[in-house]
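Per-entry structural report
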Amino acid sequence: MRTIGVIGGHRASERHSKMAEEVGEGIAKLGRVLVCGGLTGIMEAACRGAKKTGGKTLGILPGIDTKEANRFVDIPVVTGLGLTRNVLVVRNSDLIVAIDGHYGTLSEISFALQYRIPVIGLETWDIKGVIKTESVGECFKKIKEILSRVC
């Protein structure tokens, strides 16, 4: 696995932003590229965490202007696809971490499960197929388990 996607809302509470930042840091420490939708909220917090630790970030944007990307995105990819770009976020991720989120996050979870991409959830949609975790530490335990089976 080379990439780990982080999905969640474009608006995030302080608690969820902190979780996302810690997840981003952990992804960078694993030497993986963080993939996200490139905007604000959970996406920005995760990218900020990855950059803190010297990681690389890829933001797949809904619009046609790279300036939409949050300042922590290294590689902004414009799509002009709006929410349809959620499929691209998922397809460019070997594993997904879902944090909080609303219907856009739900769509990404659904795509991931359909494509058999593992989804680890932190305070997100409680649906069949999502590997529910209670903390960032537990989330990374699961990530490492999945990586050890696949890599």
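Up top you'll find the structure we're talking about.
Now for a quick tour of the structure. Since the structure is predicted, the reported quantities are computational estimates derived from the model, not experimental observations.

**Structural notes on the overall build of the protein chain**
When helices and strands are tallied, the protein chain shows five helices and seven strands. Each helix and strand of the protein chain, placed in order from N terminus to C terminus, yields the pattern β-α-β-α-β-β-α-β-α-β-β-α. Computed over the C-alpha atoms, the radius of gyration of the protein chain is 13 Å, within 12% of the 15 Å expected from 2.2 N^0.38 for a compact globule of 151 residues. Based on the C-alpha atoms only, the size of the protein chain along its principal axes is roughly 35 × 30 × 30 Å. Relative to its full complement of 151 residues, the protein chain shows a buried share of 49%. Sequence-distant contacts, at least 24 apart, represent 54% of the contacts inside the protein chain between residues at least 6 apart. Of the side-chain charges in the protein chain, 21 are positive and 16 negative, and the distance between the mean point of each set is 5 Å.

**Side note on the sheet that holds strand β6 (residues 119-122)**
Judged by pairing direction, the sheet is parallel, and its seven strands sit side by side in the order β4-β3-β2-β1-β5-β6-β7 without closing on themselves. Whereas interior strands pair on both sides, the edge strands pair on one side only; in this sheet they are β4 (75-78) and β7 (130-133). Direction aside, neighbouring strands of the sheet carry axes that sit 25 degrees apart on average. Two strands pair when backbone bridges link them, and strand β1 (residues 3-8) and strand β5 (residues 96-99) are joined in this way by four bridges, in the parallel orientation. Paired with V6 across the two strands is V97, which belongs to β5.

**Quick look at the packing of aromatic side chains**
Using the criterion set out here, one finds one aromatic pair in the structure. Taken together, a centroid distance of 5.8 Å and an interplanar angle of 35 degrees make the contact between Y103 and W125 tilted. One end of the pair, Y103, is in helix α4 (residues 103-114); the other, W125, is in the loop between β6 and β7, with 22 residues separating them in the sequence. On the basis of relative accessibility, which here comes to 65%, the residue Y103 falls in the exposed class.

**Describing the side chain of T105**
With respect to the helices and strands, the residue T105 is situated in helix α4. Given the relative accessible area of 3%, T105 is considered buried. Ignoring anything within four residues of it in the chain, the contact list for T105 reads I7, G8, G9, A98, D100, T124 and W125.

**Some words on the state of the cysteines**
Considering all chains together, one arrives at zero disulfides under this definition. Left without a disulfide partner, C47 is nearest to the cysteine sulfur of C36, which lies 3.5 Å away. According to the relative accessible area criterion, C47 is buried, its value standing at 0%. Cysteine C139 remains unbridged, with the sulfur of C36 as its closest cysteine sulfur at 15 Å. According to the relative accessible area criterion, C139 is buried, its value standing at 0%.

**Re the pairing of β1**
In terms of burial, β1 is largely enclosed, as six of its six residues are buried. Residue alternation in β1 divides its side chains into two sets, T3, G5 and I7 and I4, V6 and G8, and both sets are buried. Taken together, the three bridges between β1 and strand β2 (residues 33-36) define a ladder with parallel strand orientation. When the sheet's bridge partners are listed, I4 is paired in β2 with L34. Of the crossover connections in this fold, the one passing from β1 over helix α1 (residues 14-29) to the parallel β2 is right-handed.

**A look at the pattern of salt bridges**
All told, the structure shown has seven salt bridges when counted by the stated rule. Among the salt bridges present, the one from E123 reaches R15, with a minimum N-O distance of 2.2 Å. In this pair, E123 sits in the loop between β6 and β7 while R15 sits in helix α1, placing the two residues 108 residues apart along the sequence. For E123, a relative accessible area of 33% gives the class partly exposed.

Reading the values: the criteria
Residues numbered from 1 in each chain as written. Predicted model: local features only at pLDDT ≥ 70, side-chain atom pairs only at ≥ 80, totals over all residues. Heavy atoms only, no water. Helix = DSSP H or I, 4+ residues; strand = E, 2+ residues; numbered from the N terminus. Rg over C-alpha atoms; globule rule 2.2 N^0.38 Å. Buried < 20%, exposed > 50% of the residue type's maximum accessible area, 1.4 Å probe, protein only. Contact = heavy atoms within 4.5 Å. Lys, Arg positive; Asp, Glu negative; His and termini not counted. Charge placed at Lys NZ, Arg CZ, Asp CG, Glu CD. Pairing = 2+ DSSP bridges. Axes fitted to C-alpha atoms, helices over the stretch in contact; angles between N-to-C directions. Phe/Tyr/Trp six-rings, centres within 6.5 Å; stacked < 30°, edge-to-face > 60°. Disulfide = S-S within 2.5 Å. Right-handed = clockwise from strand over helix to strand, strands pointing away. Salt bridge = Lys/Arg side-chain N within 4 Å of Asp/Glu carboxyl O.

Fair warning: the whole summary comes from geometry, so function is off the table for now.
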